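Structural features, examined
Each chain, letter by letter, is given below.
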Amino acid sequence: MTQNNPRDAYRDELTHVDESGDVRMVDVGDKAVTRRIAVAEGSILMHPETQAMVLEDRAKKGDVLACARVAGIMASKRTSDLIPMCHPLNITKSKVEIESIPAMGEGARKDGRVGFHVLATCGVTGVTGIEMEALTAASTACLTIYDMCKAVDRGMEIVDVRLLLKEGGRSGVWEREGASAAAVEGKDGADAAASDSSEDAPAAPAPAVAFIGYQNSGKTTLVEKVIAELTARGLRVGSIKHHGHHRFDIDVPGKDSWRHAEAGSRHVGLICANRYAEYADTDQEFPLDGLLARYTDVDVVIVEGYKTAGLPNVVVARSGVDRLRGSSSLDLVDDATLAIACNDTLANHIHINLPVADINDAATVANVVEGYLVR
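This text gives an overview of the structure that appears in the document. What you see is a predicted model; the values in this text were computed from it and never measured.

**A look at the nonpolar core**
Counting residues in hydrophobic clusters, the biggest one holds 30 residues, and the most contacted among them are V64, I98, F116, I145 and C149. Every element with two or more residues in this core is listed here: strand 1 (34-46), helix 1 (48-55), helix 2 (64-77), strand 2 (93-101), strand 3 (114-126) and helix 4 (131-149). The element best represented in this core is helix 4, accounting for 8 residues.

**Structural notes on helix 10 (residues 362-373)**
With 12 residues, helix 10 should cover 16 Å at 1.5 Å per step; its first-to-last C-alpha distance of 17 Å lies within 8% of that length. By the burial criterion, the buried members of helix 10 are A362, V365, A366, V368, V369 and E370.

**Observations concerning the pattern of salt bridges**
Side-chain pairs of opposite charge can arise whenever the charged atoms involved come near each other. Counted according to the given criterion, the structure contains 13 salt bridges. With a shortest N-O distance of 3.8 Å, R35 and E370 are connected by a salt bridge. Placement of R35 in strand 1 and of E370 in helix 10 is noted, with a sequence separation of 335 residues between them. Classification of E370 as buried rests on a relative accessible area of 19%. Between D160 and R109 there is a salt bridge, with the nearest N and O atoms lying 3.6 Å from each other. Placement of the pair is D160 in strand 4 (residues 157-167) and R109 in the loop between strand 2 and strand 3, with a sequence separation of 51 residues. Residue classification places D160 among the partly exposed residues on the basis of a relative accessible area of 41%. Among the residues examined, R109 registers a relative accessible area of 26% and is labelled partly exposed. Taken together, the shared-partner salt bridges connect R35, E229, R233 and E370 into one network.

**Things to note about unusual backbone geometry**
Phi is positive for D57, which is not a glycine, with a value near 55°. Assignment of secondary structure puts D57 in the loop between helix 1 and helix 2. A positive phi angle, near 60°, is found at Y306, a position not held by glycine. As for its position among the elements, Y306 is in the loop between strand 10 (300-304) and strand 11 (313-317).

**Section: a nonpolar patch on the surface**
Among the surface-exposed residues, L143, I158 and V161 lie close enough to one another that they form a single nonpolar patch of about 230 Å² accessible area. If you trace the backbone, I158 turns up in strand 4. Looking at I158, the relative accessible area reads 35%, which means it is partly exposed.

**Structural notes on the sheet that holds strand 3**
Overall, antiparallel pairing links the 5 strands, which are arranged 2-3-1-4-5 in an open sheet. Both edges of this open sheet fall to strand 2 and strand 5 (174-175), since each of them pairs with a single strand only. Pairing between strand 1 and strand 3: 13 bridges, direction antiparallel. Residue pairing across strands places I44 opposite F116, the latter belonging to strand 3.

**Thoughts on the packing of helix 6 (residues 219-232) against helix 10**
Viewed as axis vectors pointing N to C, helix 6 and helix 10 meet at an angle of 70°, and their least axial separation amounts to 9 Å. Viewed along their axes, helix 6 and helix 10 adopt a mutual orientation that is roughly perpendicular. In the crossing of helix 6 with helix 10, the sense of the turn from one axis to the other is right-handed. Counted together, L222, K225, V226, E229 and L230 of helix 6 and A362, A363, V365, A366, V369 and E370 of helix 10 form the full contact between these two elements. Tallied by class, the residues present in the contact of helix 6 with helix 10 amount to 8 nonpolar, no polar and 3 charged.

**Remarks on the sheet that holds strand 12 (residues 337-342)**
The 6 strands lie next to each other as 7-10-6-11-12-13, forming an open sheet whose pairing is parallel. With partners counted over all chains shown, the strands left at the sheet margins are strand 7 (237-241) and strand 13 (356-358), one partner each. The sheet shows a mean angle of 25° between the axes of neighbouring strands, taken without regard to direction. Here 5 bridges tie strand 11 to strand 12, and the two strands are oriented parallel to one another. In the sheet register, V316 faces strand 12, and the bridge partner there is A341. Against the sheet, helix 6 contacts strand 6 (208-212), strand 7, strand 10, strand 11 and strand 12, and its axis sits at roughly 170° relative to strand 10. Sheet contacts for helix 10: strand 6, strand 10, strand 11, strand 12 and strand 13; angle to strand 6, the most-contacted strand, approximately 145°.

Reading the values: the criteria
Residues numbered from 1 in each chain as written. Predicted model: local features only at pLDDT ≥ 70, side-chain atom pairs only at ≥ 80, totals over all residues. Heavy atoms only, no water. Core = buried A, V, L, I, M, F, W, Y, C linked by side-chain atoms within 4.5 Å. Buried < 20%, exposed > 50% of the residue type's maximum accessible area, 1.4 Å probe, protein only. Helix = DSSP H or I, 4+ residues; strand = E, 2+ residues; numbered from the N terminus. Expected span 1.5 Å × (residues − 1). Salt bridge = Lys/Arg side-chain N within 4 Å of Asp/Glu carboxyl O. Patch = residues over 30% accessible without salt bridge, like charges linked within 9 Å, V, L, I, M, F, W, Y side chains within 5 Å. Areas by Shrake-Rupley, 256 points an atom, 1.4 Å probe, with all protein chains shown as cover. Pairing = 2+ DSSP bridges. Axes fitted to C-alpha atoms, helices over the stretch in contact; angles between N-to-C directions. Parallel < 35°, antiparallel > 145°, perpendicular 65-115°, else oblique. Left-handed = near helix turned anticlockwise from the far one by under 90°. Contact = heavy atoms within 4.5 Å. Nonpolar A, V, L, I, M, F, W, Y, C, P; charged D, E, K, R; others polar.

None of this, on its own, says anything about what the molecule does.
Listed below in structure tokens is the structure:
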């Protein structure tokens, strides 16, 4: 969610200054480990002939942009050596992209000045943010371009170094108001769902992973744990449950919406300050694709059930055989199966070339889901 408030703090004191006014490194030992992403940008403006020299690879010091990309990545990994109160981080992602700024047309500045735009994306799974690493990467890439070209153009300017996006941690998502679609592209490597020229373009549905198994296989318990695990890692998780039988109630008996449905309302909606829900009767089962199409505000959808939907899936098998069907959940393994989650007794009898996880090990199963997302 975009934060329009110019401030981004939970309190009115600086965390790097103690009660006595002395600087300090913040203790993050008790913070939750989550997946964190930060995207920053910067631009370096120059004479048109200097830009042409770089693009035509005529600089005496060599490939300017390649050197700048490597410098930005290296700098992100050394940020704690440069910024005194930054924690050393085991960075999992560092990417620097550099594009030329044309004098006219798409991507041009209003003032017509040319140069290069830098977009830096950094990621980490840890207890503290990675904004400084992204900002350091963008700054250093710009500085490297300056160093490579200063012999012919000392009037170059480095401008607009700023954070565009951060995700993860207690404060969740922060996005600079009016930030370009490139910030979203830098975050996940995909085309942005919206941009300055296509603000009304529909957002793409999130990828889905189904947890399938016969009745009493332990799906619900495992799904709850995996949702909590992925959320703790900083992922935005949605969920869908297939009940597999007719006439189920989705609201709590006695509540107003339940009373509306009981009175005969065929389409019940609920709205509050930060959430809405709706349900309606249909003549036939509502298609899963129709519901998944609404999940554009999350990173992944965990689907419980839908054995025949053909989704990438985790087969859950706690008991050997479903008593009602005389079948094992392992019979559901197919080409879309990512892994099997089961108990130790069943694991010893599995001879399938697939990862097998303990049904109680939500972290390992969450790793399977994350591994699918980065394919």
